[in-house]
Amino acid sequence: EKGRLHDLLTHTPRLSNDEITDEMFLAFLGRFPRPSEKMPAVAALDKGGAQGLEDLAWGLINMPQFLLNY
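These lines cover the structure that appears in this document, whether it is placed above or below.

The rules behind these values
- Residues numbered from 1 in each chain as written.
- Predicted model: local features only at pLDDT ≥ 70, side-chain atom pairs only at ≥ 80, totals over all residues.
- Heavy atoms only, no water.
- Helix = DSSP H or I, 4+ residues; strand = E, 2+ residues; numbered from the N terminus.
- Rg over C-alpha atoms; globule rule 2.2 N^0.38 Å.
- Contact = heavy atoms within 4.5 Å.
- Areas by Shrake-Rupley, 256 points an atom, 1.4 Å probe, with all protein chains shown as cover.
- Expected span 1.5 Å × (residues − 1).
- Bend = angle between axes of the 7 residues up to and from the residue.
- Buried < 20%, exposed > 50% of the residue type's maximum accessible area, 1.4 Å probe, protein only.
- Core = buried A, V, L, I, M, F, W, Y, C linked by side-chain atoms within 4.5 Å.
- Polar contact = N/O pair within 3.5 Å; in protein donor to acceptor, adjacent residues only side chain to side chain.

**Let's talk about the overall build of the protein**
Here comes step 1: When you go through the protein residue by residue, the secondary structure sums to four helices and zero strands.
Here comes step 2: Put simply, the protein runs from its N terminus to its C terminus through helices and strands in the order α-α-α-α.
Here comes step 3: Relative to the globule expectation of 11 Å for 70 residues, the C-alpha radius of gyration of the protein, 12 Å, shows essentially globular dimensions.
Here comes step 4: C-alpha atoms of the protein, sized along the principal axes, occupy 35 × 25 × 20 Å.
Here comes step 5: Considering only residue pairs separated by 6 or more positions, the protein has 49% of its internal contacts joining residues 24 or more positions apart.
Here comes step 6: Accessible surface computed for the protein: about 4,800 Å², of which carbon and sulfur atoms make up 58%.

See the structure below:
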């Protein structure tokens, strides 16, 4: 019940999946998503709710930009 993912899902007023995607990319990668990244992320949230948000978080954690310090 505590943590950033929970806060995004229970924010008042409710955040759109588009806004949640932006927040997740900013939190994990420090940048906004590219259009090619945003479409599948929003689609995952549209059909998955909390599970979609968790899947997005794991996907971002496994991106090269998160793993490597250039």
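**Things to note about helix α3 (residues 35-61)**
Residues three or four positions apart in an α-helix share a direction because the helix packs 3.6 residues into each turn.
Here comes step 1: For α3, built from 27 residues, the straight-helix expectation of 39 Å at 1.5 Å per residue is missed by more than 12%, its first-to-last C-alpha distance being only 19 Å.
Here comes step 2: Most pronounced at G48, the bend in α3 amounts to some 145°.
Here comes step 3: Here α3 has its buried residues at E37, K38, A41, V42, L45, G52, L53, L56, A57 and L60.
Here comes step 4: Tucked inside the fold, the buried residues of α3 contact α1 (4-10), α2 (17-29) and α4 (64-67).

**Quick word on the nonpolar core**
Here comes step 1: Membership of the largest hydrophobic core comes to 13 residues, with the highest contact counts inside it found for I20, M24, F25, L56 and L60.
Here comes step 2: Sorting elements by how many residues they give to this core places α3 first, with six residues.

**So, the side chain of D22**
Here comes step 1: Within the secondary structure, D22 sits in helix α2.
Here comes step 2: Setting aside residues up to four positions removed in sequence, D22 forms contacts with F32, P33 and K38.

**Quick word on α2**
Here comes step 1: Relative to the 18 Å expected for 13 residues at 1.5 Å per residue, α2 spans 18 Å between its end C-alpha atoms, a close match to the ideal helical length.
Here comes step 2: What α2 keeps buried is the set N17, I20, T21, D22, M24, F25 and L29.
Here comes step 3: Those residues of α2 hidden inside the fold are in contact with α1, α3 and α4.
Here comes step 4: Just downstream of α2 lies G30, where phi reads positive at about 70°.

**What to know about the side chain of E37**
Here comes step 1: Among the structural elements, E37 can be located in helix α3.
Here comes step 2: A relative accessible area of 16% means that E37 is categorised as buried.
Here comes step 3: Here R31 takes part through its side chain, which lies 2.9 Å from a polar atom of the side chain of E37.
Here comes step 4: Once you skip the residues sitting within four places of it in the chain, E37 turns out to touch F25, R31 and M63.

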